[in-house]
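Read off the chains here:
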Amino acid sequence: METISENRCFDGVQGVYRHASNTCNCDMTFGLFLPEEAKYARVPVLWYLSGLTCTHENAMTKAAAQVWAAEHGIALVFPDTSPRGDDVADDQGYDLGQGAGFYVNATEAPWSPHYQMYDYITSELTDWIGENFSVDMDRQGITGHSMGGHGALTIAMNEAGRFASVSAFAPICHPTASDWGRKQLVAYLGKDEAAWAKHDATLLMKERGFDGPILIDTGVDDQFGDLLGTEHLAAAIATRRQNAQLRLQSGYDHSYFFVSTFIEDHIAFHAQALYA
């Protein structure tokens, strides 16, 4: 593993690291914030999955998350959103290929040799961090924005018992019924829609729900609101009677200004579950 940078940050350390990934068959980069408490003991960890076009760096520098993670003694993981490199398949569109991994394991060419983001997040990167840093993988929460919110919700519901809490900012809630989803699911997983269901938060909520608390914030003025499918997930939450807060925030859009406004609430929400 290569240390790209380490900077003191709110008495902790914000690091950026690169490692050779066997899962994605290329080098992968991630950010990791460790609070001061990690010097003395293993700390709980909160995953932050980013959205379309993002790298590990966007949330790390724009979400204003470290100050609140330091306050609560929580590590933050900022993975990349896809594999990258000259040999990695890509697309001219912003919403497919590099920067748009959608947190699935691709089965279709030309994506399958590298685009194994579900296993990368849930297995390989988890093991790398647990083995090399002072974090407690028995206490995990997960959050994300947009495509990353989709990833956070679906991973949390698929990985039963693994995460104490899940939250999301403007998540893609029903990708099997959205242009932000169907295009990518066909490309990565093929035309059999049965293979898509485990990557749709609304369908997973109907089928199994989440054994823990959920917090979702979405802006009323989100410019991509028609693509998110928030109302479908809200209906599924109500039908299942899931322990969840879904808040529509007046005047807010899809940007990191929105994320940074409510990140304090989300980290406090996860801290309550992680330190329960």
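Conventions adopted
- Residues numbered from 1 in each chain as written.
- Predicted model: local features only at pLDDT ≥ 70, side-chain atom pairs only at ≥ 80, totals over all residues.
- Heavy atoms only, no water.
- Helix = DSSP H or I, 4+ residues; strand = E, 2+ residues; numbered from the N terminus.
- Rg over C-alpha atoms; globule rule 2.2 N^0.38 Å.
- Buried < 20%, exposed > 50% of the residue type's maximum accessible area, 1.4 Å probe, protein only.
- Contact = heavy atoms within 4.5 Å.
- Areas by Shrake-Rupley, 256 points an atom, 1.4 Å probe, with all protein chains shown as cover.
- Lys, Arg positive; Asp, Glu negative; His and termini not counted.
- Charge placed at Lys NZ, Arg CZ, Asp CG, Glu CD.
- Phe/Tyr/Trp six-rings, centres within 6.5 Å; stacked < 30°, edge-to-face > 60°.
- Polar contact = N/O pair within 3.5 Å; in protein donor to acceptor, adjacent residues only side chain to side chain.
- Salt bridge = Lys/Arg side-chain N within 4 Å of Asp/Glu carboxyl O.
- Core = buried A, V, L, I, M, F, W, Y, C linked by side-chain atoms within 4.5 Å.
- Arc of directions from axis to C-beta.

Colleague: Lay out the overall build of the protein chain with the relevant residues and their values.
Modeller: The secondary structure content of the protein chain amounts to 9 helices and 9 strands. The C-alpha atoms of the protein chain give a radius of gyration of 17 Å, which matches the 19 Å a tight globule of 276 residues would have. Buried positions account for 58% of the 276 residues belonging to the protein chain. Summarising the internal contacts of the protein chain: among those between residues at least 6 apart in sequence, 72% fall at separations of at least 24. Element-wise, carbon and sulfur atoms account for 46% of the exposed surface of the protein chain, whose accessible area totals about 11,200 Å². With 17 positive and 36 negative side-chain charges, the protein chain shows a separation of 4 Å between the mean positions of the two kinds.

Colleague: Which residues make up the packing of aromatic side chains, and what are the values?
Modeller: Inspection of every chain in the model, using the stated rule, returns 12 aromatic pairs. Here the aromatic rings of Trp111 and Tyr188 are separated by 5.5 Å at their centres, their planes lie at 90°, and the arrangement is edge-to-face. Here Trp111 is found in the loop between β5 (75-79) and α3 (117-132), whereas its partner Tyr188 is found in helix α5 (residues 182-189), with 77 residues between them in sequence. Through a chain of ring-to-ring contacts, the aromatic side chains of Phe169, Tyr252, Phe258 and Phe262 assemble into a single cluster.

Colleague: Provide a residue-level description of the side chain of Thr122, including the pertinent values.
Modeller: Relative to the helices and strands, Thr122 is located in helix α3. At 2.8 Å, the side chain of Thr122 and the backbone oxygen of Tyr118 are in polar contact. In this view, Thr122 contacts Ile155, Glu159 and Arg162; residues no more than four positions away in its chain are not counted.

Colleague: Go over the pattern of salt bridges, please, and point to the residues and values.
Modeller: Taken as a whole, this structure holds 10 salt bridges when the rule is applied. The partner of Arg84 in a salt bridge is Asp80, with the nearest N and O atoms 2.7 Å apart. The exposure class of Asp80 is buried, given its relative accessible area of 5%. For Arg139, the salt bridge is made with Asp136, and the minimal N-O distance between the two is 2.9 Å.

Colleague: Could you give an account of the nonpolar core, with specific residues and numbers?
Modeller: Trp47, Ile129, Ile142, Leu153 and Tyr188 are the most contacted members of the largest nonpolar core, which totals 87 residues. Considering each element in turn, this core owes the most residues, 8 residues, to helix α9 (residues 256-274). Not counting chain neighbours up to four residues away, the residues in contact with Leu153 comprise Val166, Ala168, Pro171, Ala201, Ile214, Ile216 and Leu233.

Colleague: Lay out α5 with the relevant residues and their values.
Modeller: Looking at α5, one finds that the buried residues are Gln184, Leu185, Ala187, Tyr188 and Leu189. All buried residues of α5 fall inside an arc of 165° around its axis, so they share one side. Just beyond α5, the residue with positive phi is Gly190, at close to 90°.

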